[in-house]
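A closer look at the structure
So the chains spell out like this:
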Amino acid sequence: MLPIPSREQLAVLSEAASVVGPVVTLGFAHARDDGRVQLIHSYPFGLGAYVVAEADVPDVLRPSAAGTREITSAPLEANPQRAIEWLLLFGGVERLVATRIDGLPVAACFWAGFSQPDSLTPEQRDTFERVARTAAEALQASVAPETAIDRLRRLERAAQLL
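Now for a look at the structure at hand.

1. Looking at the overall build of the chain
The helix and strand inventory of the chain stands at five helices and six strands. In sequence order, the chain lays out its α and β elements as α-β-β-β-β-α-α-β-β-α-α. Here the C-alpha atoms of the chain give a radius of gyration of 16 Å, agreeing with the 15 Å that 2.2 N^0.38 yields for 162 residues. Its C-alpha atoms give the chain principal-axis dimensions of roughly 45 × 35 × 30 Å. When each of the 162 residues of the chain is scored for burial, the buried share is 40%. The contacts in the chain between residues at least 6 apart in sequence include a share of 55% that link residues at least 24 apart. Accessible surface, the chain as shown: approximately 8700 Å² in total, 54% of it carbon and sulfur. If you average the places of the 15 positive and of the 20 negative side-chain charges in the chain, the two averages end up 4 Å apart.

2. Focus: the pattern of salt bridges
For the coordinates displayed, the defined rule picks out seven salt bridges. Salt-bridge contacts for Asp34 lead to Arg32; the nearest nitrogen and oxygen are separated by 3.0 Å. Note that Arg95 and Glu70 form a salt bridge whose closest N and O atoms lie 2.9 Å from each other. Residue Arg95 is found in strand β5 (residues 95–101), and its partner Glu70 is found in strand β4 (residues 68–72); the two are separated by 25 residues along the sequence.

3. Examining the packing of aromatic side chains
Each aromatic ring pair is characterised by the separation of its centres together with the angle its planes make. Counted under the stated rule, the structure contains five aromatic pairs. Both rings, one in Tyr43 and one in Phe45, keep their centres 5.6 Å apart while their planes meet at 70°; by these two values the pair is edge-to-face. Since its relative accessible area comes to 65%, Phe45 is described here as exposed.

4. Section: the environment of Gln38
Tracing the sequence through the fold places Gln38 in strand β2 (residues 36–43). Its relative accessible area of 6% is what places Gln38 among the buried residues. In sequence terms Gln38 and Ala49 are eleven residues apart; their C-alpha atoms lie 6.8 Å from each other.

5. Here we look at the pairing of β4
Most of β4 sits out of view: four of its five residues are buried. Where β4 lies against β5, five bridges are found, and the strand directions are antiparallel. Bridge assignment links Arg69 to a residue of β5, and that residue is Ala98.

6. As for the sheet that holds strand β3 (residues 46–53)
Spatial strand order, β3-β2-β1-β6-β5-β4: six strands in an open sheet with antiparallel pairing. In the strand order of this sheet, the two ends are held by β3 and β4, each with one partner. Between one strand and the next, the sheet's axes are offset by a mean angle of 20°, whatever the strand orientation. By the bridge criterion, seven bridges tie β5 to strand β6 (residues 108–114) in an arrangement that is antiparallel.

Reading the values: the criteria
- Residues numbered from 1 in each chain as written.
- Predicted model: local features only at pLDDT ≥ 70, side-chain atom pairs only at ≥ 80, totals over all residues.
- Heavy atoms only, no water.
- Helix = DSSP H or I, 4+ residues; strand = E, 2+ residues; numbered from the N terminus.
- Rg over C-alpha atoms; globule rule 2.2 N^0.38 Å.
- Buried < 20%, exposed > 50% of the residue type's maximum accessible area, 1.4 Å probe, protein only.
- Contact = heavy atoms within 4.5 Å.
- Areas by Shrake-Rupley, 256 points an atom, 1.4 Å probe, with all protein chains shown as cover.
- Lys, Arg positive; Asp, Glu negative; His and termini not counted.
- Charge placed at Lys NZ, Arg CZ, Asp CG, Glu CD.
- Salt bridge = Lys/Arg side-chain N within 4 Å of Asp/Glu carboxyl O.
- Phe/Tyr/Trp six-rings, centres within 6.5 Å; stacked < 30°, edge-to-face > 60°.
- Pairing = 2+ DSSP bridges.
- Axes fitted to C-alpha atoms, helices over the stretch in contact; angles between N-to-C directions.

Shown next as structure tokens:
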């Protein structure tokens, strides 16, 4: 299982991806040991994650797919009741772009949803792939023990509020 990037890391990635176009949401999809896919996302309302069967993941977001791929919102509209499609459509995603991240212990991809439906130009695609390589570094970075303990303490305090 891959580590969840910090809010700060996701903010940096969002800013970098905004050079490609207006980003609505972005994140990672990676294969889990149980055969399902975990989709981690950052969007205007915060951070979130879904764990779903691979069959419930849009083809463009499947971590095992090779290369960079993109779609308009039309294929998402075919299954608006599924969690991932609902999230993307509710957020106003008009173009979804994903690229495989190599060199990780599990199959994974970096993806971004843009509010403009236009296909990426070759220059935008190159930029997106560079951002994805930066994203891979965020997933490979180890968390310092002090940071992990601090995160667990915050999580425990949040759980006590519930």
